Structure formats: C-alpha cells, structure tokens
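# Architecture at a glance
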Amino acid sequence: MRSSLKVELPLRSLFAAPTIAQLAPLIQQLQQQDLELAAPSIFRRAENADLPLSYSQQRLWFLDQFEPNSSFYNIPIGLRLVGTLEVAALEQSLIEIIHRHEALRTNFITVDGQATQIIQTETNWTVAVVDLQHLPLTEIEIAAQQLVQEQAIQPFDLESEALIRATLVILSPTEQCLLVCMHHVVSDGWSISVFVQELQALYNAYYQGQPSPLLPLPIQYADFALWQRQWLQGEVLNSQLSYWKEQLANAPTFLPLPTDRPRPAVQTFNGAYLEFALSGELTQRLIQLSQQQGVTLFMTLLAAYDTLLYRYTGQTDILVGTPIANRDRTEIEGLIGFFVNTLVMRTNLAENPSFNELLPRIREMALSAYAHQDLPFEMLVEALQPERDLSHTPLFQVMFVLQNAPMSEIELTGLTVNSLPIESSTAKFDLTLIMENTVTGLVGWWEYNTDLFDSSTIERVTSHFVTLLEGIVSNPSEQISQLPLLTQIEQQQLVEWNYTQSNYPQDKSIHQLFEEQVELTPDDIAVVYENQHLTYRELNSRANQLAHYLKSLGVKANVLVGICVERSLEMVVGLLGILKAGGAYVPLNPEYPQERLTFMLEDTQLSVVLTQEKLVNKLGDRLWRDFADRKASIICLDSNWEIVNQQTQQNPTTSVKADNLAYVMYTSGSTGQPKGVSIIHRSVVRLVKDTNYVSISAGDVIAQASNYAFDAATFEIWGALLNGARLVGVRKDLALSPTDFAAFMRSQSISVLFLTTALFNQIAQEVPSAFNSLRHLLFGGEAVDPKWVKEVLNNGAPQRLLHVYGPTENTTFTSWYLVQDVPEGATTIPIGQPISNTQIYLLDSQLQPVGVGVPGELYIGGDGLARDYLNRSELTQDKFIPNPFSGSRGAGEQGSRGEKRLYKTGDLARYLPDGNIE
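What you are looking at is a predicted structure, and each value in this text was computed from that prediction instead of being measured.

### Here we look at the pairing of strand β1 (residues 74-83)
Successive residues of a regular strand alternate their side chains across the two faces of the sheet. β1 sits mainly inside the fold: nine of its 10 residues count as buried. In terms of strand pairing, β1 meets strand β6 (residues 175-183) through nine bridges, oriented antiparallel. The residue of β6 that forms the bridge with Val82 is Glu175. Note: β1 against strand β11 (residues 415-419), five bridges, orientation antiparallel. Across the sheet, Leu79 pairs through a bridge with Ser419, a residue of β11.

See the structure below:
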C-alpha cells in the first residue's frame, strides 16, 4: 500500500459534491429531532481533573493488555526528502507538534484496576538519526527500505514510552527519509493530515527564522475524552443505543466469504494489500450516476461493494463496517488524537432489486447511520453482546472506506517531498476495500487476510468488481443478480472447460453394441460369478432366448421389466435379455425392505418380473400376491429356465433406438420418497464408450462390487460388456472384508475397480497396499478424507486413481479427477472436470455463472441426463430446468441431445483456478 498519508474523513467529506448541499440538512434534521439531546460545547477541563480514556482509547488499551508488544495498531508515515534539509528546523518542528498536542505526550497506566491517562509535561523526546552514507550505493536503498519496515512494526510500550517516534535516515548529503510512527491510541488517519499540515507550516517558518504561525489549540484530546464520558450517558446514550439496537436487530453477524483455505479456529491478522485503479471515464460515469440518483459517490460504491458481496455469498442481509472521522465539531478539527469511529452499514438486498432501486435503500440507511454516529463502536458491541466466535470479528468481517479528500502536496522549503511506500503485513478484517478519488480517477486497495485468501484470488475479486462497476454505469436499471461479474476471459474459460465433445456411438443401443462385441471376441470370458462363467457367445445366446420369451409376453420398447435376483450369472442374463427384448429393466434389490419393494412395484405397475426361486419365498407371499393380482408374470430364471430354453438363440430384432429407455433405477429415498430415475440407452453408452476419464479394453477385468440396484453397477457391468472386458462378481461378504477383498482382487487379476468412498477408506486404512495391481481405481459417492487417499498413494497406488462424482440422474458419473498427490493441509479432494459429452455449470440462485473460488449450485447438462422421474412430472419440471446456456459452445455446438436441459443437483461446489471443481 502507499504511504499512510491518507485521512479518515469527517462526516462532510464522505459526501461527493454536489449532493452534499441537499444531504447535509437531512442529517442535521435527523440529529436534532430531539433538541434536548444536542451535544454541548467542549471546554477545557478543570485542573487536577481525573483523566479517563475515551471509549475508543479504552478498547485499544484493553487489546494492548491482552496482547502486549503488538504492532498491530501502529500508524507509520514515510517521507523521502530530496534537497538541503535543515535538521534543526525539522527536529524543532516535531518537538513543537508534540508540545502542542497533549495526546502525543500521553501514557496509559493502571490505577486501582482502571486505565487512566498520564500527560507528560516535560519530555526528552528527540529524533533518532541513522546515517547510511557509509554503505555501498547498491546497498543503501535496501537498508533504507528495511529500516522503513522495521520502524513500522516496532511495538510501543503504552505505559512508559513516547507514543510517537521519528527516525531520520541519511542516504546522501541531499537525500533523506523521515520515518514517523504513532500508536493508534493517540492518533488516527485525520490526525496524520493534521500532523503533516503542521509540520509543513512549522518547518517553513523555522527554516526562515520565524516563530510558529500556528494558533493555540482551544482544547486538548483529554478534554474531549472527559466530555465524551460526561455527555454520552443517560438519555443521550439510550437514544443512540435504541437506534442501533433496532437497526441491527436479528442481523446476521457472519458473512460466509468464499476463502481459499479453511478459517482458523482463532482469527489471525496476517495481511497484505493489492492496489488497483479505475479509468477516468468509469470514475466520471460513477459520479454522474450518483448525481442523477441523488446519492453520494460513497453510497454508490458501497452499493456496488454490497452487490459484489451478495453475488459471492448469496446473502441478502449484509453488514459492512465503515470508518467515520467523528470530527463534526469545530473544537476538535485541528487535534491529533483517536477520534475515528466505526459505523455498521446494514444493507437489505432482498427481492433482487435493480441497482437504481438499491441506491435509495443505501441512502436512507446511511443517512440514519450518520445521524447516530456518536455511539462508540466499542459500546455498541458491548450492548449487543453478539455471540463471540474467536475465528472472526464481531458484527462484521468486511469494511469499506472512501477517502475522497486527498491531501495536497507537501511543500517544505528547499525540499522535494514524496511519500514512501510502507508495506503492511496485517489485516484487521477478512476483507477491506479502500478507495480514493484522485485527479486521474478512483484508485483502490484491498486489505485482505492472507491466511484466508491468496493474492490471485484478490486479483480476481478486483476484476469482478471493475466488471460489475462497468455493468452498473452501463445499465443501472438491471437487477443486481443479472449485472455482469465475470470478465470475457473468464466467460470463455468456463465455456472451454465445458467443451467435452467426443465421438462415441451415440445412435446405438446397449445391446446392439454388445452384439458387435460378441462378433469380435465370441470365445472370451464375459462374466464370472463364483465358479461359473459365460463367454460372450454363451451370454449372448442365453440373453437372446430370454429376450424372445419376454417379447412373447408383450415386452417391447419402453416397457418396464422388474428384475429381483442375487448377484449371479442369471442377473447379467436377465439385464441383457430385457434390453434385447426392447424393454427397460427395473432393479429390485432382494435385500430391500418389503415396504420399499412394494412401493416400487406399485409405482412402476410392472407386468413382468424376473427373479429366482429362492427369492419368491424370501420376499413373502403378500408382496407377490399383490403383484399377481395385477395378472403380472413372475419368471424364475433358474427353475423356469426350461421354458425359456425353448426359444431361439438368434439375436432378436427390435425397434429400440438410442433414446429409448434402458432402465429405471430408484434413488435411496434418503431425502424423501424414493424416485424412479429413467435412463436411456445413449446415456449409458456415453458413460462407457470412448470417454475421457477411463479407457477399458478387452484385456481388462472389472469387478462388480456394487449391487446392481446401485448405479455404480451401470459402469461396472456395461463398462465391461461393451468393451470386451471380463466382468467378475464380488460377493457382498467378501467386499466387507478388506483383507479377503485384497486377496480376491489379486487372484482374479482385477484391473478396474469402483468403490464407494466409505469402502475405499476402510480398505485404505486396513490394507493400503491392496490397490497396487489395479490399472484404474475409481472412488466416490460421499466426502472423502484426504489422509486415506494419501495413504493409498504412499503404499499401494494403482496406475490411475480417480475421484468421481455423479448423481443417478446423470447416469452414474458426471466428473472425474486424477489424484496424483494430496497437498499438505488439504481437507477435501476435488471432483475434477466433466466426463466426455457432459457439461457442469456452477450457478448462483439467479442461474448466473459464478467465478473461480465462488460457491455455486452444481447443474449438469449433456448426454447423461435422465429422461425424467417416473410418474413425477412436477418434480421432473422442478429439477430438470431449461438450459440457459444452450446456445453456448459448451453445450449447443456439440449437438448434444441433453443440451436443452440442466439437472439441478442441490450440491454446492466451486471452481479451482485450474478448472477443477471441489
């Protein structure tokens, strides 16, 4: 950040001309609604009066007791002086300033447990001089800059040490640096302006041998502190408190900004600055908009900042702190001291107003806040008693400052004066926006907490803010949710991340592709369960016989057929046979409760169910009686196979297309009633053929570790059978024993495996080396603990470890992430990028794309989308919405059948800078 030659502005300077003429009387009217509460004048205190601290001083004193030797509240100034310096005149000027202002001669001690001010009548204060002329020229600047930073962070002892220090650094006979640092307990931004103005007047007078031109001060800071304590009590205090209590009633006290790292349990204050500038044209248009809407530039910029925060957090009730100089009395304008107060600006952004509609809300709120500016922030916090959380500041975590009265150039006789940059390494809040109107336009600084944010993130925040401002002046009648936020580069980046087109057999059905594979590898083993197996030719022949039989029962395109079997060869024959008949299978897990199975049977109104003899009795007479009452057929694939075996083994002919139903799979119902998700053939083909996340070939062996009623089995079964691989069934009890499962994988030469995150964690914990024989290990389904991923990478990493994500409504997998390492401190593993022919959009509540790092709801588009929820038209309409981006290259130009719709997942996610999603 630039040198601290900035001022905390008084009430009047927070307003941008020419609206001040209209606004000032309104504030005065608000302040004087009760004349009895008008503040009396401030007079000199009586001799030997007790000297309490002001309320703001008391807070800083308390903080110093809590954390002594902290430089957190240092206010440094740095000036480069080029020319012939009169050192005696400079020192005399500084001593005179200290003599004039009692605050600079004040210390703070504890008497009977209470803090009190001690004003030193005599001091031996001097300017420290450091001569660097003996150093090589190449080292002088480095040493000087080190001194600047050291002086800025050197702590003060509030009890025994002068709370202002000055160091003169000699660089050459004609070049010096003046470093001044004060503690905030005796100074503030306005005070710096007073200090510099008096330094200029005194030095120029002393340089010429003239006396001080400054008039005596009418009062001192201690007089103000005593007056404040006496006035701000009783009815006056109650009036101020009543306003703020009402204004902040039920206000949210935490703003969930998207951060790069988890918030520490105890707030840190490590910080940095990032500077930016607005063009003169944009600045002028913002000023013109303010004038047209009858608000100040401060109000317009605050409204824009609130809008930015709303778009980042989704919050419509936002609290922003802002400093106010609190010098609206002539007696204190020329004093050095700690007067600045903090106001809480609470903005209501509900109902998605236009920016023009938001401005009057800001105007009314700000005027009322200014009219009640006398209540010290410290008293407000104490009165409200917000629930304290050590991880963040109370009431608000973001600030906004407009400094639109920049100081004029400093003129010291015989010297050219420039400010020295002093880098700050602290941040009092999560994020502070400081702006100043200069002759070339508005400039700004972000002060941000580096434990929460990276500099690259703040650079994006800057580009978003500038884009937002440009959108505001171009169309202030636009709703705040629709104002542009992302730059053109970012918009194009999101499109490119979604450009996942790949050529795959999108016009072929599942069984058609299987039949093609049979022609290629008829004698290869297709499926293995326990000690039984079928080759591709044998599996095809059996499935053909079943298909012909099902067709004789009326099964055809889009007809639902239930299948309730254990993991077995019959299961695969059943699934394939249903598809070959033209039907769509409905998995009925025999381990489901009868209540759930009954619901599924009633919801689907199945006319045919495939099962096994032993399950007919196990599932209960009532279930099958209810089913039989509808005159539906029950076919046992074991005991009834003699009937099926009479059918031809030739491939049946059907009219099934790629957009016909392949299956209806029911969700778990964990969030309500189970829903039947209708999936078409093309969606399954897009999952397993010619995709970007996994390559499966005839040499692979894929484990079916999932129950076939769980959509991961879609990947396992059809990933194997449509690519010529071998499908190996895994008993449930085997999957639950990590040691036995690891041995089984090796014995069967498993090369491709999917595991739920829970099972992955369990095996990684007990047998981390279990996966080192795999080509592809996929895991997902719930939040993952990175420590187990790291354990696998360190002990038994497969060739490719993939973290996958996807709801049933998008056919098993939506995204994938190749895990190659786990960064230190990682709390999650990304879900990565879209798989082929799939799009992912992260949108806010108004369906606007969010930028990198900003949470948004995850929406899915592309060829994997389900057709609908079976018999749930209203729910389908609610969750599968029209795609607002169907004309973009990321969707529309791919020719995707799913381009016209998006699925609303309800999951929150955000983009990482590299395009991966977490």
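That was the structure; now back to the text.
### A word on the sheet that holds strand β5 (residues 164-172)
Reading across from one edge, β4-β5-β6-β1-β11 is the order of the five strands in this open sheet, with mixed pairing throughout. With one partner strand each, in any of the chains shown, β4 (128-131) and β11 form the two edges of the open sheet. Direction aside, the axes of adjacent strands within the sheet are offset by 20° on average. Along the sheet face, helix α3 (residues 87-100) touches β5 and β6 and points at about 165° away from the line of β5. The sheet strands contacting helix α4 (residues 137-153) are β1, β4, β5 and β6, and the helix crosses β5 at an angle near 180°.

### Describing the environment of Asn475
Note on placement: Asn475 falls in the loop between α12 (455-474) and α13 (488-497). Residue Asn475 is classed as partly exposed on the basis of its relative accessible area of 31%.

### Overview of the nonpolar core
As a rule of thumb, nonpolar side chains are buried together in soluble globular proteins. Membership of the largest hydrophobic core comes to 230 residues, with the highest contact counts inside it found for Phe195, Phe715 and Trp718. Broken down by element, this core gets its largest block of residues, 12 residues, from helix α9 (residues 297-313). Residues within four places of Phe195 in sequence aside, it is in contact with Ile77, Leu94, Ile97, Ile164, Val180, Met182 and Ile336. With 34 residues, the next largest nonpolar core counts Val701, Ala735, Trp788 and Tyr817 among its residues.

### With respect to the sheet that holds strand β30 (residues 856-862)
If you walk across this open sheet you meet the four strands as β29-β30-β33-β32, and the pairing is antiparallel. The sheet is open, and its two edges are formed by β29 (838-843) and β32 (880-882), each paired on a single side. On average, each strand axis in the sheet is inclined to that of its neighbour by 40°, with strand direction left out of account. Strand direction decides the pairing type here: β30 and strand β33 (residues 901-909), joined by four bridges, are antiparallel. Counterpart to Gly856 in the pairing with β33 is Ala909.

### Some details on the pairing of strand β16 (residues 560-564)
Taken across its five residues, β16 has five buried, putting it largely inside the fold. Burial along β16 is two-sided: the residues Leu560, Gly562 and Cys564 and Val561 and Ile563 are all buried. Alignment of β16 against strand β17 (residues 584-587), held across four bridges, turns out to be parallel. Across the sheet, the residue bridging to Val561 is Tyr585, located in β17. Viewed along the sheet, the connection from β16 through helix α16 (residues 569-580) into β17 turns out right-handed. Where β16 lies against strand β18 (residues 608-611), three bridges are found, and the strand directions are parallel. Bridge assignment links Gly562 to a residue of β18, and that residue is Val609.

### Re the side chain of Arg327
Here Arg327 is to be found in the loop between β8 (317-324) and β9 (341-348). Given the relative accessible area of 0%, Arg327 is considered buried. Of note is the side chain of Arg327, whose polar atom sits 3.0 Å from the side chain of Asp188. Here Gly337 takes part through its backbone oxygen, which lies 3.4 Å from a polar atom of the side chain of Arg327.

### Observations concerning the packing of helix α15 (residues 536-552) against α16
Helix packing geometry: the angle between the two helix axes and the distance between the axes. Contact geometry for α15 and α16: axes closest at 7 Å, N-to-C directions at 55°. Taken together, the axes of α15 and α16 are oblique relative to one another. Every pair of crossing elements has a handedness; the one defined by α15 and α16 is right-handed. On the side of α15, the interface is formed by Leu539, Asn540, Arg542, Ala543, Asn544, Leu546, Ala547 and Leu550, while α16 contributes Val572, Val573, Gly574, Leu576, Gly577, Ile578 and Lys580. Of the residues contributing to the contact of α15 with α16, the split by class is nine nonpolar, four polar and two charged.

### A word on helix α24 (residues 738-747)
An α-helix turns once per 3.6 residues; consequently, residues spaced three or four apart project the same way. Considered for burial, the residues of α24 that qualify are Pro738, Phe741, Ala742, Phe744 and Met745. For α24, the buried positions fall inside an angular range of 160° around the axis, keeping them on one side. Exposed and facing more than 90 degrees away from the buried side of α24 are Thr739 and Ser747. Contacts made by the buried residues of α24 are with β23 (726-729), α23 (732-735), β24 (752-756) and α25 (757-766).

### Focus: the confidence of the model for the protein chain
The share of residues in the protein chain with pLDDT of 70 or more is 93%, and the mean pLDDT across the chain is 90. This stretch, residues 1-22, has a pLDDT under 50; its non-local contacts, to residues over four places away or in other chains, come to 89 contacts. In the predicted structure, residues 889-896 sits below a pLDDT of 50 and forms 27 contacts with residues beyond four places in sequence or in another chain.

### Comments concerning the side chain of Asn589
Along the polypeptide, Asn589 turns up in the loop between β17 and α17 (594-604). A distance of 3.4 Å separates polar atoms of two side chains, one belonging to Asn589 and the other to Asn707. Residues in contact with Asn589, not counting those within four places in the same chain, are Leu597, Asn707, Tyr708 and Ala709.

### So, the packing of helix α2 (residues 55-66) against helix α6 (residues 221-231)
Between α2 and α6, the shortest axis-to-axis distance is 9 Å and the interhelical angle comes to 100°. Our classification of the angle between α2 and α6 gives roughly perpendicular. Residues Tyr55, Ser56, Gln57 and Gln58 of α2 lie in contact with α6, whose contacting residues are Tyr221, Gln228 and Arg229. Classifying every residue of the contact of α2 with α6 by side-chain character gives two nonpolar, four polar and one charged.

### Examining the pattern of salt bridges
One pass over the full model with this rule turns up 24 salt bridges. Measuring nitrogen to oxygen at the nearest pair gives 3.0 Å for the salt bridge that ties Asp188 to Arg327. Here Asp188, found in the loop between β6 and α5 (189-207), pairs with Arg327, found in the loop between β8 and β9; they are 139 residues apart in sequence, far enough to count as distant. Arg327 carries the same exposure label as Asp188, and that label is buried. Linked through salt bridges whose partners overlap, the residues forming this network are Arg45, Glu102 and Asp223.

### Remarks on the packing of aromatic side chains
Within the structure shown, the criterion is met by 32 aromatic pairs. Pairing Tyr203 with Tyr207 gives two aromatic rings, centres 5.8 Å apart and planes at 35°, and the pair type is tilted. In this pair, Tyr203 and Tyr207 both sit in helix α5, four residues apart, roughly one turn of the helix. A relative accessible area of 33% means that Tyr207 is categorised as partly exposed. Ring centres 6.5 Å apart and planes at 45° place the aromatic pair Phe710 and Phe754 in the tilted group. Placement of Phe710 in the loop between β22 (701-704) and α22 (712-721) and of Phe754 in strand β24 is noted, with a sequence separation of 44 residues between them. Assessed through its relative accessible area of 35%, Phe710 is described here as partly exposed. Exposure remark for Phe754: the relative accessible area of 4% places this residue in the buried category. Feature note: the residues Phe276, Phe298, Tyr305, Tyr370, Phe400, Trp446 and Phe465 constitute an aromatic cluster, connected by ring pairs. Positioned above the aromatic ring of Phe156 is the side chain of Arg165, whose terminal nitrogen or guanidinium carbon lies 4.0 Å from the ring centre.

Reading guide: rules and limits
Residues numbered from 1 in each chain as written. Predicted model: local features only at pLDDT ≥ 70, side-chain atom pairs only at ≥ 80, totals over all residues. Heavy atoms only, no water. Buried < 20%, exposed > 50% of the residue type's maximum accessible area, 1.4 Å probe, protein only. Helix = DSSP H or I, 4+ residues; strand = E, 2+ residues; numbered from the N terminus. Pairing = 2+ DSSP bridges. Axes fitted to C-alpha atoms, helices over the stretch in contact; angles between N-to-C directions. Contact = heavy atoms within 4.5 Å. Core = buried A, V, L, I, M, F, W, Y, C linked by side-chain atoms within 4.5 Å. Right-handed = clockwise from strand over helix to strand, strands pointing away. Polar contact = N/O pair within 3.5 Å; in protein donor to acceptor, adjacent residues only side chain to side chain. Parallel < 35°, antiparallel > 145°, perpendicular 65-115°, else oblique. Left-handed = near helix turned anticlockwise from the far one by under 90°. Nonpolar A, V, L, I, M, F, W, Y, C, P; charged D, E, K, R; others polar. Arc of directions from axis to C-beta. pLDDT = per-residue confidence, 0-100. Salt bridge = Lys/Arg side-chain N within 4 Å of Asp/Glu carboxyl O. Phe/Tyr/Trp six-rings, centres within 6.5 Å; stacked < 30°, edge-to-face > 60°. Lys NZ or Arg CZ within 6 Å of the ring centre and 35° of its normal.

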